[in-house]
Every structure is written in C-alpha cells, then in structure tokens.
Amino acid sequence: MTSPVLSAVDSTDGSTIAVETIGSGTPVILIGGAFNDRSTVAALASTLAPHVTAVSYDRRGRGGSTDVRGDFAVQSEIDDLAAVIKHVGGAAHVFGHSSGAALALEGVLRGLPIDKVAVYEMPAVVDGNRAEPPADVFDRLVARLARGDYDGAAELFLTEQVEVPAPIVAGMRNAPVWEFLRAQANSLPYDVAVSGPQMRLQSDRYATITIPALVINGDQTWPWIQTANQALAAAIPSARRVVLPGADHEILAQPELLEPVLLDFFG
C-alpha cells in the first residue's frame, strides 16, 4: 500500500483545509465528529485503503486546517467539504461519524456531488430519547472560546451537549486524553451548529434524500443513540440500517468492525 499523501486545499473563504489520501480507486471521504481530526480516522482510512481511495481531512479550526472566517456557520463547513470533493475528483462517497454524520447528510441536502452516504451514530433528539441540550449551548461555547477558556468549552460541550456525567468529565480532565480534547475545543460550535437546533432530528429534511444511504450504530452504544439512528434510518427513504454487534460510539478505534459493512455498501 502507498503511504498517505497530505495536501492543502483552499476553501471558499481562504481557509486552508489539510487533506490526506491513501489507497486507490473510488474516493471515500471520512468525516470525524466532535474532538476528532484526521488522526482519529487514520486507522479506518488505512483499513479501507487497499480497496478505495480513503480521504480524511481536518475540519476547519482543527489540526492542520485554518479558520479564516471563524463564524461557526454550517455553510463554512459545507464549503470545506465541497473543496475536498473537488480535490479528489469532483464526486465522492462520504462516511461521517457522530456530528460528522450530520455534516455528511447536510452536504447531501445542500446538493454536493455525493454519490453514496454512510453515517455512524449521528446524535439526535427524537421521541423523548433524551433531554434536548439547552438552547444557549452554542452562544455559551462561543463566549468561553472568546475569552480563551478552552477547558471550560470542552467541559460544557461534554456535559450539556453530549450528556456525559459531570464526575466522568472531571476524571477526563485529569487524564492524558484531555490535552487532545482541549486542542479541538475551538471548533466545537461547528459541531453544535451542524447538529441543528437543540439536536432535534430533522426528519422532514432527511425525507428528501434520494441517494443510497447507510445508517449504522453499535449495539453497545447509549440507548438514546440507538433510538436516534433507528428514527434517522426510517426518515431517509433510501436508507438501510445496520446494527454492529459489540460496537459503541468509539468505533473509529475498531475499524475492523466497520470495514466489511462500508466496503459492501460503497462497492
């Protein structure tokens, strides 16, 4: 297998997006969720690369990507994804994890040249599966970041947007992983924005998707995520749903579980 090739791609507003490709064949773009950069999807990219061109990128404000506009608007991330698709040939299959799943579906809804879309555990509130995040999470995140409080922003997102219990987050702050999470905090408002108002499932919009779609979740993940993805699959007319045995939300650390289902779907 060839080594990964790193490129810098210009987005509409002049932001530079770091894009890494490995393998050959049909391009499959891999989009990570909150607290993810291209390094967290690298294992999945390597696993898929013998069969496809696996494409990973740093969403704006993360890793090697810049954020010139800094407006935390969904359209900015759509422009970035469009630039990545253009870079790899003008059309692509797309896989998204968590809030990256919401971004992938938003790209489809806004008419990007995406041939097939697969999503893993998109977070969504539906049918009382969990409490809605407070309506002001986005504004409070932006305010904390504006004053340089990256620790506070990461903690706010985890406790109120994701519903991680506060004692667990307190433990995470004392763990080695916290420095990595803190480094991604300045992009968290994008994750809130792309997930929509208070993370409600936008069933009426997803009902307009006509391209082949695959909705995946693990059977070991949070019950509310399982409910959300069952409803998401029901909302997309063309969707097929797969529940992976033994998998939870940290699927990117177990690419061997995703490999067969993604390769079967993407062909």
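Because the structure is predicted, anything quoted here is derived from the model rather than measured. (Residues numbered from 1 in each chain as written. Predicted model: local features only at pLDDT ≥ 70, side-chain atom pairs only at ≥ 80, totals over all residues. Heavy atoms only, no water.)

Provide a residue-level description of the overall build of the protein, including the pertinent values.
Helix and strand content of the protein: 11 helices and 8 strands. Here the C-alpha atoms of the protein give a radius of gyration of 17 Å, agreeing with the 18 Å that 2.2 N^0.38 yields for 267 residues. For the protein, the spread of C-alpha atoms along the three principal axes comes to 45 × 40 × 35 Å. Within the protein, the proportion of its 267 residues that are buried is 54%. Here the contacts in the protein between residues at least 6 apart in sequence split such that 74% fall between residues at least 24 apart. A total of about 10500 Å² of accessible surface is found on the protein, and carbon and sulfur atoms cover 53% of it. Taking the average location of the 18 positive side-chain charges in the protein and that of its 31 negative ones, the two points are 3 Å from each other. (Helix = DSSP H or I, 4+ residues; strand = E, 2+ residues; numbered from the N terminus. Rg over C-alpha atoms; globule rule 2.2 N^0.38 Å. Buried < 20%, exposed > 50% of the residue type's maximum accessible area, 1.4 Å probe, protein only. Contact = heavy atoms within 4.5 Å. Areas by Shrake-Rupley, 256 points an atom, 1.4 Å probe, with all protein chains shown as cover. Lys, Arg positive; Asp, Glu negative; His and termini not counted. Charge placed at Lys NZ, Arg CZ, Asp CG, Glu CD.)

Requested: an account of the packing of aromatic side chains, with residues and values cited.
The full count for this structure, using the stated rule, is 5 aromatic pairs. Ring geometry for Phe72 against Phe138: centres 6.4 Å apart, planes inclined by 85 degrees, an arrangement best described as edge-to-face. Of this pair, Phe72 sits in the loop between β4 (53-57) and α2 (74-87) while Phe138 sits in helix α4 (residues 137-146), placing them 66 residues apart in sequence. With a relative accessible area of 14%, Phe72 lands in the buried category. Judged by centre distance (6.1 Å) and plane angle (5 degrees), the rings of Trp222 and Trp224 are stacked. Taking the relative accessible area as the measure of exposure, Trp222 reaches 35% and is therefore partly exposed. The positively charged end of Lys116 is found above the aromatic ring belonging to Phe265, 5.5 Å away from the centroid. Note that Arg130 overlies the ring of Trp224, its terminal NZ or CZ placed 4.8 Å from the centroid. (Phe/Tyr/Trp six-rings, centres within 6.5 Å; stacked < 30°, edge-to-face > 60°. Lys NZ or Arg CZ within 6 Å of the ring centre and 35° of its normal.)

Which residues make up the sheet that holds strand β3 (residues 27-31), and what values go with them?
Here we have 8 strands laid out as an open sheet, ordered β1-β2-β4-β3-β5-β6-β7-β8, and mixed in their pairing. What marks the edges here is a single partner per strand, and that holds for β1 (5-10) and β8 (239-244). Sheet twist, expressed as the average angle between the axes of neighbouring strands with direction ignored, equals 25 degrees. Bridge count between strand β5 (residues 92-97) and strand β6 (residues 114-120): 5 bridges; the pairing is parallel. (Pairing = 2+ DSSP bridges. Axes fitted to C-alpha atoms, helices over the stretch in contact; angles between N-to-C directions.)

Now, about the packing of α4 against helix α5 (residues 150-161): what can you tell me, with residues and values included?
With their axes 8 Å apart at the nearest point, α4 and α5 run at an angle of 165 degrees to one another. Classified by the angle between their axes, α4 and α5 sit roughly antiparallel to one another. Relative to α5, the crossing made by α4 is left-handed. Along its contact with α4, which presents Val137, Arg140, Leu141, Arg144 and Leu145, the element α5 presents Tyr150, Gly152, Ala153, Leu156, Phe157, Glu160 and Gln161. (Parallel < 35°, antiparallel > 145°, perpendicular 65-115°, else oblique. Left-handed = near helix turned anticlockwise from the far one by under 90°.)

Tell me what's going on with the packing of α5 against helix α6 (residues 166-173), and back it up with residues and numbers.
With their axes 10 Å apart at the nearest point, α5 and α6 run at an angle of 145 degrees to one another. Here α5 runs over α6; the crossing is right-handed. Each of Asp151, Glu155, Leu158 and Thr159 in α5 lies in contact with α6, whose residues at this interface are Ala166, Val169, Met172 and Arg173. Broken down by class, the residue content of the contact of α5 with α6 amounts to 4 nonpolar, 1 polar and 3 charged. (Nonpolar A, V, L, I, M, F, W, Y, C, P; charged D, E, K, R; others polar.)

Describe the side chain of Arg38, listing the residues and the values that go with them.
Summarising the element assignment, Arg38 is placed in the loop between β3 and α1 (42-48). The buried category is assigned to Arg38, whose relative accessible area is 19%. Once you skip the residues sitting within four places of it in the chain, Arg38 turns out to touch Leu6, Ala18, Glu20, Ser56, Tyr57, Asp58 and Gly64.

Quick one: what's the story with the side chain of Arg60, residue by residue and with numbers?
With respect to the helices, strands and loops of the structure, Arg60 is situated in the loop between β4 and α2. Of note is the side chain of Arg60, whose polar atom sits 2.9 Å from the side chain of Asp13. For Arg60, the side chain forms a polar contact with the side chain of Asp80, separated by 2.7 Å. (Polar contact = N/O pair within 3.5 Å; in protein donor to acceptor, adjacent residues only side chain to side chain.)

Talk me through the pattern of salt bridges; I want residue IDs and the actual numbers.
For side chains of opposite charge, pairing can occur when their charged atoms come near one another. One pass over the structure, following the stated rule, counts 19 salt bridges. When the shortest N-O distance is used, the salt bridge between Arg110 and Glu106 registers 2.8 Å. Here Arg110 falls in the partly exposed class, since its relative accessible area comes to 37%. Overlapping salt bridges, with partners in common, bring together Asp13, Arg60, Asp67, Arg69, Asp71 and Asp80 in one network. (Salt bridge = Lys/Arg side-chain N within 4 Å of Asp/Glu carboxyl O.)

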